[in-house]
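Report on the structure
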Amino acid sequence: LDAILTAAEGQPEERVMWLTDLDCVWVDAGRMFSATPAPGRVGCVLIDYPPDWDAVGFGEYAVTREAIGELAASIGGSPDLPAWVGGELLSGSCGTLRELVAAVEELDARLAREGRFLPTEEQILSLAGAVGRVHFQDLSRVAQRVATGRRHRAVPVADPLSLGLWHLPAEKGLSLRRAARQIRRGRVRSLRRDLSNPARM
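Attention in this report is confined to the structure presented alongside it.

This part takes up the layout of surface pockets. In this model, the second largest pocket occupies a volume close to 720 Å³. Around the second largest pocket, the lining is made up of 25 residues, and of these Trp166, Leu168, Leu195, Arg200 and Met201 lie nearest the centre. Breaking the lining of the second largest pocket down by element, the ones donating at least two residues are α6 (174-184) and α7 (189-196). It is α6 that contributes the most residues to the lining of the second largest pocket, seven residues altogether. Grouping the constituent residues of the lining of the second largest pocket by class yields 19 nonpolar, two polar and four charged.

Structure below.
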């Protein structure tokens, strides 16, 4: 939320911003920009988690899609199972994103007054969508989580090169540190070689 307010400060209401997590790779920026969300909508990745699965793993703060739906219904939202809004990508006009910040802050304050708490942005964003305070537009056709490594149990992305943006949650450590270190040292030849080959990329 702070990043949105800082980046949007002094910007025209209609200027479009794209905010991504550090572990996102822009594979095709043109493809992403062609998917700019409609006016009044916030572009994001909607994730079809099972209704009773704790997507975040916060132990005592475990919050499932079902729990978000029940919470939404208790404060006047839809009783339907809500979409899960991933926090890795948010896009929209500065005006729309400022409205998102205001909606989330109001929901946070209401929950606090009632002694309730949602610890992650995915949870509060999902609630904001479920109560109709924010209108999200799914950008999954151009941006997805791409699972890497031997131990993940996620369904592989069929054609990652057809996407404009990859979210690589398993690469927060080694791969990003390695790439950053190479760039800082001016040793980009091996990185360029990796990026030129789809399998190595």
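Along the polypeptide, Arg116 turns up in the loop between α4 (94-113) and α5 (121-130). The exposure class of Arg116 is partly exposed, given its relative accessible area of 33%. For the pair formed by Arg116 and Leu71, sequence separation is 45 residues and the distance between their alpha carbons is 9.8 Å. Residues within four places of Arg116 in sequence aside, it is in contact with Leu71, Ser74, Ile75 and Leu111. A distance of 2.4 Å separates the side chain of Arg116 from the side chain of Glu114, its partner in a polar contact.

Parameters at a glance
- Residues numbered from 1 in each chain as written.
- Predicted model: local features only at pLDDT ≥ 70, side-chain atom pairs only at ≥ 80, totals over all residues.
- Heavy atoms only, no water.
- 1 Å grid on protein atoms, 1.4 Å probe; cavity = no way out; pocket = protein on both sides within 12 Å on 5 of 7 lines; lining within 4 Å.
- Points joined across faces, edges and corners; volume = space filled by probe spheres on them.
- Helix = DSSP H or I, 4+ residues; strand = E, 2+ residues; numbered from the N terminus.
- Nonpolar A, V, L, I, M, F, W, Y, C, P; charged D, E, K, R; others polar.
- Buried < 20%, exposed > 50% of the residue type's maximum accessible area, 1.4 Å probe, protein only.
- Contact = heavy atoms within 4.5 Å.
- Polar contact = N/O pair within 3.5 Å; in protein donor to acceptor, adjacent residues only side chain to side chain.

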